[in-house]
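# Notes for the structure review
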Amino acid sequence: MTALALLDYASVAVFALTGALAASRAQLDLVGFAFIASLTAVGGGTLRDVLLNRDAVFWIAQPAYIGVTASAALLVFFTAHLLESRYRALLWLDSLALAVAVPAGVSLALSLNQPAPIVLIMGIITGTFGGLMRDVVCNEVPLVLKQGELYVTAAFAGSAAALIAQALDHSALVALTACALTTWALRAGSLAFGWRLPVYKSRPPRQ
Amino acid sequence: MTALALLDYASVAVFALTGALAASRAQLDLVGFAFIASLTAVGGGTLRDVLLNRDAVFWIAQPAYIGVTASAALLVFFTAHLLESRYRALLWLDSLALAVAVPAGVSLALSLNQPAPIVLIMGIITGTFGGLMRDVVCNEVPLVLKQGELYVTAAFAGSAAALIAQALDHSALVALTACALTTWALRAGSLAFGWRLPVYKSRPPRQ
Amino acid sequence: MTALALLDYASVAVFALTGALAASRAQLDLVGFAFIASLTAVGGGTLRDVLLNRDAVFWIAQPAYIGVTASAALLVFFTAHLLESRYRALLWLDSLALAVAVPAGVSLALSLNQPAPIVLIMGIITGTFGGLMRDVVCNEVPLVLKQGELYVTAAFAGSAAALIAQALDHSALVALTACALTTWALRAGSLAFGWRLPVYKSRPPRQ
């Protein structure tokens, strides 16, 4: 199994769990769980594949991905009540999913010899759009909009780390690991310790 | 006219009516009616065609579809005030549209020799995404999220019925009819008699 | 630089400003500004390119577009506090962006020899979907839904003006200018003078 397929499977599995948790907050039935889990899990990678004009979207080429999302939905449907806070679990799982989906996007773009800005963007898209679709469909406040939290910024930094590692002639494995760790460290730091960048605040017009 | 084209035209026409009804609830002008009607009517099939990498999206290959959506918008704009409840009409028309759009998705996926899980998913996507786009854009609660109603579940069961009929060596016509009837029976039963699957309910953690 | 590339750059730049203004209303950080600015700026043209099955989406073929959206985000992040009303600025910039994005869509569809209805639709899609994505993601009321304002209608009239000019054998330059002016005149007239088409109003059922 290639590194890309491994990253894709890992991000699909973890994003599917977050989607199923969102479905549990919306009190859907089991098929609804599988629907939201699948949308979340493959949304970002599907957009990446369509934009890059791949011959086939990854989960159509390998329908086993859908088995993964359905299993995640089943698991959450029967065990989510054991969690103390489903929203907190969703946030932390989402941070893990982000940290594997960003390198999955970067890895594919690199393998297609895309220029650096496109690699950067594919990392961000693959990382963020599945969760964005989940939040828009489930009427949750999109995580990308949570004021002052590092989210898109974490994805951006992770993609940039991969590009820097590659420019320094490190192996693909090093580049993807740097990408995953940077993304996760920033997102987790934002969740746990409130790390943030300055946000825009409207001020009165200058005198 | 092939069975696929017939199903596509029927689902486009009926989904367009539901989109125009949603536009009437948002009090748009005639062009706004046509916009939302078209988005709803072709949204699911467009996503299906893009995902399956068809040479051309169905309504670009045959722009007559757009005439259908515009006519539906016109019809609703001038007659919706005759309805007693526009939301009730929207719900029931949507159930019909679902019941023809699901076999339209299944039919195309079968004709491209896709494996069973992809056929299943294309039925669900074609059936549900047009209405989902309508609801997200019009700020209505997405029907796929209505707690306890059979919606994605009806689409899933319809797609599954087609696959079973096909596995039992029935003709395409039988398979697509089984698909449409199963989808509509479950959705209509849910609307009329409150049929439902058990939904997820958060419970206190076990002792 | 071709007329199409010029229109694409102009609409990307101006839509990016509106996206960054929406990000300022959501109080995001700088990367969030760039994210929403890019989504808004390339959303409509990306959908157009995917639907028309172009070899590569325009901003993947020329990543310089992303430099434009990032610069716009930077500009707004550091200067938006100088504006008296950021929402008013957003509305007027959006009207300009609409007036260049519609001819950008029309121009591409004409260059691919698409039939008139598809040209019309590509103008509307390119003009409206970037702003629609911005509004859905940022939880603003979509401008396409603002009751009684000319928005989709302006895009529709602009596309139609281009088709009429072309049918009368005018040059592409005349057709695209007519398109831009018609779109902007109607949208600006709606913003400044309250121009509108009759909207649907529910009335009691006839006796």
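The Subcellular location (unreviewed entry) comment attached to chain A in UniProt states, word for word, "Cell membrane". Checking UniProt for chain A, the heading Sequence similarities (unreviewed entry) contains the comment "Belongs to the UPF0126 family."

The next point concerns the overall build of chain A. Check the secondary structure of chain A and you find 8 helices and 0 strands. Counting from the amino terminus, chain A carries its helices and strands in the arrangement α-α-α-α-α-α-α-α. Here the C-alpha radius of gyration of chain A, 17 Å, is about what a compact globule of 207 residues would show, namely 17 Å. Viewed in the frame of its principal axes, chain A has a C-alpha envelope of about 55 × 45 × 25 Å. Counting over 207 residues, chain A shows a buried share of 59%. Counting contacts in chain A only where the partners sit at least 6 residues apart, residues at least 24 apart contribute 77% of the total. When the accessible area of chain A is evaluated, it comes to approximately 8100 Å², of which 66% is carbon and sulfur surface. Counting 12 positive and 10 negative side-chain charges, chain A places the averaged centre of each group 13 Å from the other.

Relative to the helices and strands, Leu4(B) resides in helix α1 (residues 3-25). Sequence separation between Leu4(B) and Ala104(B) is 100 residues, and the spatial gap between their C-alpha atoms is 5.8 Å.

Before going further, it helps to examine the relation of the copies chain A and chain B. The relation between the two copies of this chain is a rotation about an axis and a shift parallel to it. Overlaying chain A on chain B yields an RMSD of 0.0 Å, the required transformation being a rotation through 120 degrees with an accompanying axial translation of 0.0 Å. What the superposition gives is, in effect, a three-fold axis relating one chain to the other.

If you want to describe how two helices pack, look at the angle between their axes and the distance between the axes. All names here are of chain B. Relative orientation of the contacting elements α1 and helix α2 (residues 30-51) amounts to 140 degrees, with a least axis distance of 7 Å. Looking at the two axes, α1 sits oblique to α2. The two elements α1 and α2 cross, and the hand of that crossing is right-handed. For the pair α1 and α2, the contacting residues are Leu4, Asp8, Val12, Phe15, Ala16, Thr18, Gly19, Ala20, Ala23 and Ser24 in the first and Gly32, Phe33, Ile36, Ala37, Thr40, Ala41, Val42 and Arg48 in the second. Across the contact of α1 with α2, the residue classes break down as 11 nonpolar, 5 polar and 2 charged.

Note on the identical chains: chain B maps onto chain C by a rotation of 120 degrees and an axial translation of 0.0 Å, with an RMSD of 0.0 Å. Residue by residue, only 7% of the interface of chain B is reproduced at the interface of chain C, so the copies engage with different surfaces.

Attention now moves to the pattern of salt bridges. In this structure the tally under the stated criterion is 24 salt bridges over all chains. The salt bridge partner of Glu140(C) is Arg25(C), with a shortest N-O separation of 2.9 Å. Taken together, the residues Glu140(C) in the loop between α6 (116-137) and α7 (152-167) and Arg25(C) in helix α1 (residues 3-25) connect sequence positions 115 residues apart. A relative accessible area of 17% places Glu140(C) in the buried class. Each member of the salt-bridge network shares a partner with another, and the members are Asp8(A), Arg48(A), Asp49(A) and Arg54(A).

Once that is clear, we can look at helix α7 (residues 152-167) of chain B. The terminal C-alpha atoms of α7(B) lie 22 Å apart, and with 16 residues this matches the ideal 22 Å at 1.5 Å per residue to within 8%. Of all the 16 residues making up α7(B), 12 are buried; the element is thus mostly covered by neighbouring parts of the structure. Along α7(B), the residues that are buried comprise Val152(B), Thr153(B), Ala154(B), Ala155(B), Ala157(B), Gly158(B), Ser159(B), Ala160(B), Ala161(B), Ala162(B), Leu163(B) and Ala165(B). Packing partners of the buried residues in α7(B) comprise α2 (30-51) of chain A together with α5 (86-111), α6 (116-137) and α8 (172-193) of chain B. Directly after α7(B), the chain includes Asp169(B), whose backbone phi takes a positive value near 75 degrees.

Quick notes on the rules
- Residues numbered from 1 in each chain as written.
- Chains lettered and ligands numbered in written order.
- Predicted model: local features only at pLDDT ≥ 70, side-chain atom pairs only at ≥ 80, totals over all residues.
- Heavy atoms only, no water.
- UniProt positions renumbered as here; feature names shortened; annotations may be inferred.
- Helix = DSSP H or I, 4+ residues; strand = E, 2+ residues; numbered from the N terminus.
- Rg over C-alpha atoms; globule rule 2.2 N^0.38 Å.
- Buried < 20%, exposed > 50% of the residue type's maximum accessible area, 1.4 Å probe, protein only.
- Contact = heavy atoms within 4.5 Å.
- Areas by Shrake-Rupley, 256 points an atom, 1.4 Å probe, with all protein chains shown as cover.
- Lys, Arg positive; Asp, Glu negative; His and termini not counted.
- Charge placed at Lys NZ, Arg CZ, Asp CG, Glu CD.
- Least-squares fit on C-alpha atoms with pLDDT ≥ 70 in both.
- Axes fitted to C-alpha atoms, helices over the stretch in contact; angles between N-to-C directions.
- Parallel < 35°, antiparallel > 145°, perpendicular 65-115°, else oblique.
- Left-handed = near helix turned anticlockwise from the far one by under 90°.
- Nonpolar A, V, L, I, M, F, W, Y, C, P; charged D, E, K, R; others polar.
- Salt bridge = Lys/Arg side-chain N within 4 Å of Asp/Glu carboxyl O.
- Expected span 1.5 Å × (residues − 1).

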